[in-house]
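Per-entry structural report
The lines below spell out each chain.
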Amino acid sequence: MPARIIMLVDLDYFFAQCEEKRNSSIKEKPVVVCVYSGRSENSGAVSTANYIARKFGVKSGIPISLAKKKLKEKDAVFLPADRKFYEEVSGKIMSILRSYANRFEQVGIDEAYLDVSQKANGDFEEAGKIAEQIKKEVKAQQGLTCSIGIGPNKLIAKIAADIRKPNGLSIVKPEQAENFLGPLPVSSLVGVGRKTEKKMQDMGIETIGDLAEYDIQKLIEIFGKNLGAYFHNASIGIDDEPVQERGEVESISRISTLKEDTQDLKVVLEKTNKLCDEVYARLLQRGLSFKSVGIVAVMTDMSVRSRSKTFESPTNELGALKKTVKGLFEKFLNESELQARRVGVKIWNLFKEQESQKQITNFLQRAEK
Ligand code: TTP
Ligand code: MG
């Protein structure tokens, strides 16, 4: 198996860069994207600002009035946030990013993790080339720059992306992880907020290196078992969190009690066909396709059994759902010595229509080769 290589791609000053994209004449000026509260002309907060405005101390979260003060007589451009437009741009960029990943997880409007272990064949140099390619394609197709961090896990990839911005690329190989993290302030770690930072400072811990040297038992005493162990592992660059495809997180399911316990396929299917209809309605409402179908049965002795099947590519056909549920129950009831009391249907590996179309296209292309 190739070494694990994770990338974090974060678009630079995203909302403001979107504004520059549709009006390049503002590019040389400080640009501030605002969410106006409407109470008075200048009430509200700054969403984000381009790097020119940041030089004057303008950043996400500060009051608009303060940003105006900082940018007085600087020919700055203040714009209201247009989330719909940013989401459109984000969607297009995310589908570019997805095509470069073995596994893909979008974590915000302008941020995504890519597991590129196989694509880069475990080679960090190769991953660096993929990152360059991604930057080039995002720039060419959508005109935006991004910053990319590459590391052996999500934790390091994220920090690597943060240290060189905008338009940065940082690669941290596994053997460099501890040296890379060591000098950074503990607040660079996910989960170390202001309060925890303060507490650690009181314990004499300023840097991640200090944290790594701190006795793990003491950390556990102070922060509890989970958090203490997490801090220790994070400080030495250990993190096993998988890049989680969104489709895998979500599922749609229905379960219902039979009128009487039974082992009769016909009776069970009467019930599960209805459950399939309900599950299917939810699927359509959300504009999704599914790749995996499961059945669950609670038996007379209250034990829970399940069976499932995963297709080669996503489908959104009710017929396919019912047929699969039938096939699974047929086999399951044949093998079971007990009667079923409750039965359920579940689908997961859910994809947005557009993505499933892409998956189907990929699948067909592969099939043709
Ligand atoms: P970030 O990626 O945190 O910031 P950014 O893309 O503007 O800048 P950077 O170059 O440092 O990555 O957030 C993405 C978008 O989310 C940002 O463009 C605007 C929005 N946002 C807010 O509306 N309010 C906030 O407080 C933050 C942090 C972000
Ligand atoms: Mg960003």
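What this report covers is the structure whose coordinates are included nearby. For every chain, the first residue of its written sequence is number 1, and the numbers climb from 1 along that sequence. Chain A is the first chain written and ligand 1 is the first ligand written, with later ones labelled in order. The model is predicted, so local features are restricted to residues of pLDDT at least 70 and side-chain atom pairs to those at 80 or more, both for listing and for counting; the totals for chains, interfaces and linings are taken over all residues. The basis for the side-chain values is all heavy atoms of the structure; hydrogens and waters are excluded.

1. As for the pattern of salt bridges
Just to be clear on terms, a salt bridge is a Lys or Arg side-chain nitrogen sitting within 4 Å of an Asp or Glu carboxyl oxygen. Overall, the coordinates contain 15 salt bridges when judged by the stated rule. Of the charged contacts, one joins E87 and R83 as a salt bridge, the two residues approaching to 3.3 Å between their closest N and O atoms. Of this pair, E87 and R83 both sit in helix 4 (residues 83-98), four residues apart, which is roughly one turn of that helix. With relative accessibility at 45%, the residue R83 sits in the partly exposed group. Note that E335 is salt-bridged to K331, the shortest N-O span being 3.1 Å. Pair noted here: E335 and K331 are both in helix 14 (residues 318-335), with a separation of four residues, about one helical turn. The numbering of helices and of strands both runs from the N terminus, where a helix is a DSSP run of H or I of at least 4 residues and a strand a run of E of at least 2. The classification of residues rests on relative accessible area computed with a 1.4 Å probe and restricted to protein chains. Under 20% of the type maximum is buried, over 50% is exposed, and intermediate values are partly exposed.

2. Some words on the packing of helix 4 against helix 5 (residues 124-142)
Relative to each other, helix 4 and helix 5 sit at 145°, their axes nearing to 10 Å. At the point where helix 4 passes helix 5, the crossing takes the right-handed sense. Within the contact between the two elements, helix 4 uses V89, K92, I93, I96 and L97 and helix 5 uses I134, E137, V138, Q141 and Q142. By residue class, the composition of the contact of helix 4 with helix 5 is six nonpolar, two polar and two charged. To obtain an axis, a line is fitted to C-alpha atoms, over the contacting stretch when the element is a helix, and the angle between two such axes runs from 0 to 180 degrees between their N-to-C directions. Two helices crossing with the near one rotated counterclockwise from the far one by less than a right angle form a left-handed crossing, whereas a clockwise rotation gives a right-handed crossing. Here a residue-residue contact requires only that any non-hydrogen atoms of the pair lie within 4.5 Å. Three categories are distinguished: nonpolar for Ala, Val, Leu, Ile, Met, Phe, Trp, Tyr, Cys and Pro, charged for Asp, Glu, Lys and Arg, and polar for the others, with Gly belonging to the last.

3. As for the coordination of the magnesium ion (ligand 2)
For Na, K and Ca the donor cutoff is 3.2 Å, while for all other metals N, O and S atoms must lie within 2.8 Å; water is not among the atoms, so some sites may look incomplete. Donor atoms from the polypeptide that coordinate the magnesium ion (ligand 2) comprise D10 (OD), L11 (O) and D110 (OD), at 2.1 to 2.2 Å from the metal. Metal-centred angles of 83 to 171° between the six donor atoms at the magnesium ion (ligand 2) mark the site as octahedral. Every geometry call rests on angle ranges, with four donors termed tetrahedral when all angles are between 85 and 135 degrees, four termed square planar and six termed octahedral when opposite donors are over 155 degrees apart and all others are between 65 and 115, and everything else termed irregular.

4. A short note on the site of ligand 1
Ligand 1 sits among 13 residues. The nearest are Y13, T48, Y51, R54 and D110. In protein, a polar contact means a hydrogen-donor-capable atom and an acceptor-capable atom, both N or O and within 3.5 Å, with residues adjacent in sequence counting only if both atoms are side-chain atoms; elsewhere, any N or O pair within 3.5 Å suffices. Between ligand 1 and D10, the relevant distance is 3.3 Å, taken from an oxygen atom to a side-chain nitrogen or oxygen of the residue. Y13 places a main-chain nitrogen or oxygen 2.7 Å from an oxygen atom of ligand 1. Considering ligand 1 on its own, with 560 Å² of exposed area, one finds that the protein chains cover 68% of that surface. Secondary-structure elements contributing two or more residues to the shell around ligand 1 are strand 1 (6-11), helix 1 (14-22), strand 3 (44-49) and helix 2 (51-54). When its residues are assigned to classes, the shell around ligand 1 shows five nonpolar, three polar and five charged. We call a residue near a molecule or strand whenever a single non-hydrogen atom of that residue lies within 4 Å of it. All accessible-area figures derive from a Shrake-Rupley calculation using a 1.4 Å probe, and residue coverage is judged against the displayed protein chains alone.

5. So, the sheet that holds strand 2 (residues 31-36)
Strand pairing is assigned whenever DSSP detects at least two bridges linking the two strands. Spatially, the three strands line up as an open sheet ordered 3-2-4, and their pairing is mixed. Taken across any chain shown, the strands that pair with only one partner, and hence form the sheet edges, are strand 3 and strand 4 (77-80). On average, each strand axis in the sheet is inclined to that of its neighbour by 35°, with strand direction left out of account. Bridge count for strand 2 against strand 4 is four bridges, and the pairing is parallel. Note that in strand 4 the partner of V31 across the bridge is V77. Across the sheet, helix 1 lies against strand 2, strand 3 and strand 4, angled at about 115° from strand 2, the strand it touches most.

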